[in-house]
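Report on the structure
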Amino acid sequence: MTSVRLCAADDVKVEAPQRFEIEGQAICVVRDSAGELFALGDRCSHGDISLAEGFVEDDSIECWAHGSQFSLRTGWPRTLPAYEPVPVYRIQVQAGDIYIDPTPIFEEKS
Ligand code: FES
């Protein structure tokens, strides 16, 4: 699958998640406090809530509704009540722009 340009890399600020729609999929893009970029499915696996409305801390994002925290790297929840992962997406920066491979990846639980 071809990667899709999302936006300028500078448009995604530290710990300020943003929601994008790509090929019918809602994707949450996050820059952590170390400056690393992540992309994951923008629907909490516990309910129909946008993770982009949540809170970023270290390498997790927390759903505001019931507090489940998801790994930005794997999409797996670290805390209940969610117990299923959200997909993650390959993300890269080229010439100052963010590109996403819109093929969702479900990581193995680690
Ligand atoms: S809807 Fe996200 S934790 Fe319940």
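Residues numbered from 1 in each chain as written. Predicted model: local features only at pLDDT ≥ 70, side-chain atom pairs only at ≥ 80, totals over all residues. Heavy atoms only, no water.

With an unreviewed UniProt entry as reference, the protein is termed Non-heme iron oxygenase ferredoxin subunit, source organism Pseudoclavibacter terrae.

**Overview of the environment of Y99**
In this fold, Y99 is placed in strand β9 (residues 97–100). Counting along the chain gives 90 residues from Y99 to A9, while the straight-line C-alpha distance between them is 9.1 Å. Among residues more than four places away in sequence, those in contact with Y99 are S3, V4, R5, R90, I91, Q92 and Q94. (Helix = DSSP H or I, 4+ residues; strand = E, 2+ residues; numbered from the N terminus. Contact = heavy atoms within 4.5 Å.)

**Side note on the side chain of S68**
Along the polypeptide, S68 turns up in the loop between β6 (60–62) and β7 (69–71). At 3.0 Å, the side chain of S68 and the backbone oxygen of T79 are in polar contact. (Polar contact = N/O pair within 3.5 Å; in protein donor to acceptor, adjacent residues only side chain to side chain.)

**Looking at the state of the cysteines**
Summed over the entire model, instances satisfying the criterion amount to 0 disulfides. In this structure C28 is a free cysteine whose sulfur lies 11 Å from that of C63, the closest cysteine sulfur available. Classification of C28 by relative accessible area gives buried; the value is 0%. (Disulfide = S-S within 2.5 Å. Buried < 20%, exposed > 50% of the residue type's maximum accessible area, 1.4 Å probe, protein only.)

**So, the pattern of salt bridges**
Two side chains carrying opposite charge are able to pair once their charged atoms lie near each other. This structure, assessed with the given rule, holds 7 salt bridges. Between E36 and R73 there is a salt bridge, with its nearest N and O atoms 3.0 Å apart. Placement of the pair is E36 in the loop between β3 (25–31) and β4 (37–41) and R73 in the loop between β7 and β8 (91–94), with a sequence separation of 37 residues. On the basis of relative accessibility, which here comes to 33%, the residue E36 falls in the partly exposed class. One connected set of salt bridges, linked through shared partners, spans R19, E21 and D42. (Salt bridge = Lys/Arg side-chain N within 4 Å of Asp/Glu carboxyl O.)

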